[in-house]
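Listed below, chain by chain, are the residues.
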Amino acid sequence: MSFDPLPFDVLQGVSTWLKVMIAIVGLVLVVSIAGSLGLGLSGPVRVFKQLFSAIRDISEISLRRVWALAALTAREAIRRKALLVFGLFALLFMFGSWFLSGGGEKADIQIQRHVVFVFTVITWLVLPVVLMLACWGIPEDIKARSMHTVVTKPVRRVEIVLGRMLGFGMITTLVVAVMAIAGFIWIDRQVSDEAHGQLVCKVPIYGKLSFLDRQGNPASSGINVGDVWTFRSYIEGSTKAAAIWDFDRLSEASAMPLPPAKDGSEQRGLRVQTGFESFRTHKGLIGSGLLCQLTLVNPTTNLRVPLPAFEVAEYRGDANVTPLPAMLTYYDSEARKNKTADLFKDIVSDGRLKIEARCLNGEQFLGMARPDLFIRTADRPFAVGYFKAVVGVWLEALIVVMIGVAASCFLKGPVATLMTFAMLIVGVSFRGMVDKIVSGDQLGGGPTESIYRMVTHLNQTVDMDLSKTVTGTIKWTDWLAQQGIWLVQQTFPNFSYFSMSAYVAKGFDVDFRAAILPSIAVALAYLIPCVLLGYFALKLRELESK
Amino acid sequence: MNRLTSRQRKLVYLGVIVVLLVPIIILGRPASGTGSSRDQGVLAQLRTKYDLGENQLGQVDPTSSAMNLVLLGFRGIAADLLWAQADENEQTKNWAELKANVDAIIMLQPHFVRVWQFQGWNLAYNVSAAWDLVADRFFWVKEGAKFLKKGRAINEKVAQIPYEEGRVLGTKIGRADEWKYYRKFFRNDPNTELYKGGPDKDVNPKGTDNYLAAKDVYLIANDLQAKYPQSISMLDVLFRSYPYRSQLNEADALQREGHFDDASKNAWDEGYREWVEKFGQEKFFGPGQIEYHLEMQPRDVQEASAAQNTDPDEFEHWVMRMQNETRYPYWKFRSQAESAQLMVDAHKLIYDGEKLFVQGKLPQAKDMLFRGMTLYEQLFNKYPVLATDDEALEEAITAVYYWQRILKLEFKPVQAQYPLAVTYENHKGMLPQIESRFKRETGQD
């Protein structure tokens, strides 16, 4: 894997959400009250009256009315020919294979290309359609005065907003579902017979990674061999350097059938899969890969069970899988004889297991990151991971619907479209850059420091030649600006969670805690503010102002 | 104030549309099926005149054309974004996405020759080097060659693309550190499931030697360069030497692999014949439009300069310079000398000696190497030109290096006098490279 699926911290997510909500709601309240003071004391009273009225409206939401509005919205979307998108989709899939060469391609590359193609097509066909629908619905209703009729009925504004969101959500669900099913069938038919066997979803159990340096002392990371991409760090061969993975919660329940033993007998156990990278300081033996040896260690008794060394096959997907049968025979170099150990009784202790990886070739290095070694439990069908990843696209489209509907309550169609599109683009493409600015990792400092550097033509890597007080003041103002940027950044959805196709493309099941849970959390986090924003905007606006 | 009624306005619009249509039809009428210029619009005629039509540049890829049409004027932006993505994917080792990016870039810019050159090179050299196992590396070398082959079909008049393809098939496969594997894989692809032990027909349709496959595409490059005058990245004479050099390289590679039979002898004979009779007789033009060929002897130069009414010294200077640029005399001499029995014996003794060393048969290896060194010294004395050739020197000094390693293992000193002693002392600069190769091939430090 070229990314680390770290589990989502729900508590931290909720606390960040609360912080942002409190900051924004507080800001809005302060501005509203300050603005209303122009009317004297009755101003703030009106503000609070509106708040109480909002609480009443929300508490009295009728699901029946919401459903009726949602059904109408869905019908309206169909009348506006939203489903024509299927035509474009069919066209792309009819000719999609033209874009993807097939003959002689490696199986894993073939699968990746087809999966990425399907998800790219679904995402970028669905998002613009739902964006347009969501952003133009309410402004069109206001323009055509049909909204005037609706608001005279016994229906609350919050129900109109919710009804719109639900209605467009239903259309989104239909479009995504049909496309996903068609995409699945297309992949199944397009992928060659040789690659078909690799259409599975691996279910990994990841450990915690730590390192030993060449003297055998604990180290925070391995060696940097100069690779621009610092995802992996390296251990040196024929030294005491090692990478150690600590697993917990392992049990016999994770055991699965393994290939038959040499004598033909059936066996069960675990599988360890590795995907290390090789780095050679000299060519060495050209025809052979670098050798790696794994050692299983009981964390309590310190029993060490070395496994046979294997040649590292870089970027080859499933080439390096080591079976761990329940009864392991190994050579004890101290006792100088073969011994047998029970995997679940002698090696795994209270569900915990350590696996050490070493490189055996002198002056050569093996690179590794946390997801590069995992215990592979029984595979799931490809469809499982595929449809989980579709959930990501669906949730992403729902967020676009929520933002679009909220924006259309106070903006005209084109402006709402631009705003929603900007939020989508910033959330998808510029998250990394803003993260760097907020965390202070961006070279050249924050806004004040950048201005100083630009004016004085000072390189980003050179220290500012200023007094301590001036430098301190610049840093402080930048810190303040960073807090503001942080707050703004939090209002843009983090779309990186939603793109789950990378799991499926690499043959993995989509991790619930690392991908699906945060996606659901982000979607829910946007539901409340979007509904509130839409509600207040629709309630306070002058409908005649088109 | 507008006094026209709605209907009148519409009629005016219609009139304007019809008037505007006339120049559009005259300018933009497409080329007709007969291709007669009378039936073509002005733009189509200009396209035909300057060979700018898609179908005149090479095979038309409908996907590429459709994509460019759909993108309207945003092709440049899309291509830029794809380049950035390709770079990112290469850095993060997402090879499948990189390949997809490269294919998409080329759909947007099918006639941008530098893109074909750069990405073909990138796949064959940089991406292949990022993989560790030889079979995987070979796969990416092939991807580079296939990519250039595709570029050749889409740009049927560009000589530079088949030239680059020839370099991947010839130099990359035949001269990389992994050349022994690559040359074998070229004939018998390591993906036995797909190619059943045979070659990958996409890069080696004839199932032949890599240098001969390279020769075929170099010949295509030469034909295109002769047929469609165009700017190439090097001297004309050098560019056109590559097919013939490939034939010589094949002979050399056969020897490097230990073939000292008729196959290598025939390859050298064929190489000599093509070098002297074909390449040596090709006409080239020098400064002041002098017409010369590389096989010219001093007397030919005198006669030609007199006939062309040019300064004989300048004529001779130019011919000699071009002969040196192409190493014409060296290859002529070498292809002739390699057929000599003395040369064949020297190669064979050294090759066998090195092989015996790897097998641990040190006394026999020492004897073979010593005899090979003796013959090589005789060759250097007999053909002094040979003593200026890097490949011959490398072979000779490697033999001395192996021989000295055996003496060291036997705890015996190296005598002051031994065959090739002077050559060895004069070219010690080659030792680091030889040591590295020794380490690689024997697994010893």
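This structure is a prediction, so every number in the text was calculated from the model and none was measured.

1. A few points about the overall build of chain A
In terms of helices and strands, chain A carries 16 helices and 17 strands. Counting only C-alpha atoms, chain A reaches 90 × 65 × 45 Å along its principal axes. Relative to its full complement of 546 residues, chain A shows a buried share of 34%. A separation threshold of at least 6 residues defines the contact pool for chain A, and within that pool the share at least 24 residues apart is 78%.

2. Observations concerning the overall build of chain B
Along the backbone of chain B there are 23 helices and two strands. Going through the 445 residues of chain B one by one, you find that 35% of them count as buried.

3. Some thoughts on the sheet that holds strand 4 (residues 233-236) of chain A
Residue and element names in this part refer to chain A. Sheet architecture is open: three strands sit in the order 4-16-8, paired in antiparallel fashion. Looking at which strands have only one partner, the edges of the open sheet turn out to be strand 4 and strand 8 (277-280). Along the sheet, successive strands turn relative to each other by an average axial angle of 30°, direction set aside. In terms of strand pairing, strand 4 meets strand 16 (residues 364-368) through four bridges, oriented antiparallel. What sits directly across from S233, in strand 16, is M368.

4. What to know about the domain arrangement of chain A
Segmenting chain A into domains produces domain 1 (10-198 + 381-540) and domain 2 (232-368). For domain 1 of chain A and domain 2 of chain A, the distance between their C-alpha centres works out to 43 Å.

5. Brief notes about the pairing of strand 7 (residues 267-274) of chain A
Residue and element names in this part refer to chain A. Bridge count for strand 6 (residues 256-258) against strand 7 is three bridges, and the pairing is antiparallel. Bridging across to strand 7, M256 finds its partner in G269. The pairing of strand 7 with strand 12 (residues 321-325) spans five bridges and is classified as antiparallel. Residue pairing for strand 12: V272 is matched across the bridge by T322. Two strands pair when backbone bridges link them, and strand 7 and strand 17 (residues 373-381) are joined in this way by three bridges, in the antiparallel orientation. Looking at strand 17, one finds that V272 is bridged to I375.

6. Quick notes on the pairing of strand 14 (residues 337-342) of chain A
Residue and element names in this part refer to chain A. Buried residues are scarce in strand 14, accounting for zero of its six residues. The pairing of strand 13 (residues 327-332) with strand 14 spans six bridges and is classified as antiparallel. From the neighbouring strand, L328 faces strand 14, where its bridge partner is A341. Two successive antiparallel strands, strand 13 and strand 14, enclose a turn made up of four residues, where R336 displays a positive phi of approximately 55°.

7. A closer look at the interface of chain A and chain B
Contacts between chain A and chain B engage 25 residues on the former and 26 residues on the latter. Every element with two or more residues in the side of chain A that touches chain B is listed here: helix 4 (85-99) and helix 5 (107-143) of chain A. Looking at the side of chain A that touches chain B element by element, the count peaks at four residues for helix 5 of chain A. Residue composition of the side of chain A that touches chain B, grouped by class: twelve nonpolar, eight polar and five charged.

8. Here we look at unusual backbone geometry
All names here are of chain A. Backbone geometry at Y315 places phi at a positive 50°, although glycine is not the residue there. The exposure class assigned to Y315 is buried, which follows from the 20 C-beta atoms found within 10 Å. Positive phi, close to 50°, is recorded for D350, a residue that is not glycine. Relative to the assigned elements, D350 resides in the loop between helix 9 (343-347) and strand 15 (353-359).

9. Description of the nonpolar core
Within the largest apolar cluster, 105 residues are counted, with the highest numbers of intra-cluster contacts made by I235(A), C292(A), I355(A), A357(A), L366(A) and V141(B). Every residue in contact with L366(A), bar those within four places of it in the chain, is listed here: Y234(A), I235(A), F276(A), S278(A), L290(A), C292(A), V312(A) and C359(A). By size, the runner-up hydrophobic cluster in this structure holds 78 residues, among which are C135(A), W186(A), L199(A) and A389(A).

10. Thoughts on the domain arrangement of chain B
Interface size is commonly expressed as the accessible area that is lost once the parts come together. Considered domain by domain, chain B is made up of domain 1 (1-44), domain 2 (75-281) and domain 3 (340-442). For domain 2 of chain B and domain 3 of chain B, the distance between their C-alpha centroids amounts to 33 Å.

11. Focus on the packing of helix 7 (residues 157-190) of chain A against helix 10 (residues 382-408) of chain A
Residue and element names in this part refer to chain A. Orientation of helix 7 relative to helix 10, taken along the N-to-C sense of each, is 150°, at an axis distance of 9 Å. Taken together, the axis directions place helix 7 and helix 10 in an arrangement best described as roughly antiparallel. The hand of the helix 7/helix 10 crossing is right-handed. Across the interface between the two elements, V161, R164, M165, F168, G169, T172, T173, V176, A180 and F184 of helix 7 pack against A383, Y386, F387, V390, V393, W394, A397, L398, V401, M402 and V405 of helix 10. A per-class count over the contact of helix 7 with helix 10 returns 17 nonpolar, three polar and one charged.

12. Description of helix 18 (residues 328-337) of chain B
What sets the pattern is the α-helix's 3.6 residues per turn: residues three or four places apart point alike. Those residues of helix 18 of chain B not exposed but buried are Y328(B), W331(B), K332(B), R334(B) and S335(B). Lining the buried residues of helix 18 of chain B we find helix 14 (242-256), helix 15 (262-278) and helix 17 (312-325) of chain B.

13. A closer look at helix 21 (residues 390-409) of chain B
All names here are of chain B. Between its first and last C-alpha, helix 21 extends 28 Å over 20 residues, near the 28 Å set by a 1.5 Å rise per residue. Among all positions of helix 21, only A392, L393, E395, A396, I397, T398, A399, V400, Y402 and W403 are buried. F411 lies just past helix 21 and shows a positive phi near 55°.

14. Here's the deal with the packing of helix 20 (residues 362-382) of chain B against helix 21 of chain B
Two numbers describe a pair of packed helices, the interaxial angle and the distance between the axes. All names here are of chain B. Orientation of helix 20 relative to helix 21, taken along the N-to-C sense of each, is 145°, at an axis distance of 9 Å. Seen from above, helix 20 lies across helix 21 with left-handed handedness. Packed against helix 20, whose contacting residues are L362, A365, K366, L369, F370, G372, M373 and Y376, the element helix 21 presents A396, A399, V400, Y402, W403, I406 and L409 at the interface. Class assignment of the residues belonging to the contact of helix 20 with helix 21 gives a composition of 13 nonpolar, one polar and one charged.

15. What to know about the environment of V348(A)
Residue and element names in this part refer to chain A. Along the chain, the position of V348 falls in the loop between helix 9 and strand 15. Residue classification places V348 among the buried residues on the basis of 24 C-beta atoms within 10 Å. For the pair V348 and E159, spaced 189 residues apart in the sequence, the C-alpha separation amounts to 56 Å. Sequence-distant contacts of V348, that is, excluding residues within four places in its chain, are made with L250, L343 and L353.

16. With respect to the environment of G43(A)
All names here are of chain A. Here G43 is to be found in helix 2 (residues 42-59). Spatially, the C-alpha atoms of G43 and I33 are 7.1 Å apart, while their sequence positions differ by ten residues. Those residues in contact with G43, other than ones at most four positions away along the chain, are S36, L37 and G38.

17. With respect to the environment of T329(A)
Residue and element names in this part refer to chain A. Mapping T329 onto the fold places it in strand 13. Between the C-alpha atoms of T329 and K153, which are 176 residues apart in sequence, the distance is 78 Å. Among residues more than four places away in sequence, those in contact with T329 are N338 and T340.

Conventions used here
Residues numbered from 1 in each chain as written. Chains lettered and ligands numbered in written order. Predicted model: local features only at pLDDT ≥ 70, side-chain atom pairs only at ≥ 80, totals over all residues. Helix = DSSP H or I, 4+ residues; strand = E, 2+ residues; numbered from the N terminus. Buried ≥ 20, exposed ≤ 12 C-beta atoms within 10 Å, placed from the backbone. Contact = placed C-beta atoms within 7 Å. Pairing = 2+ DSSP bridges. Axes fitted to C-alpha atoms, helices over the stretch in contact; angles between N-to-C directions. Domains from an automatic or database assignment. Nonpolar A, V, L, I, M, F, W, Y, C, P; charged D, E, K, R; others polar. Core = buried A, V, L, I, M, F, W, Y, C linked by C-beta atoms within 7 Å. Parallel < 35°, antiparallel > 145°, perpendicular 65-115°, else oblique. Left-handed = near helix turned anticlockwise from the far one by under 90°. Expected span 1.5 Å × (residues − 1).

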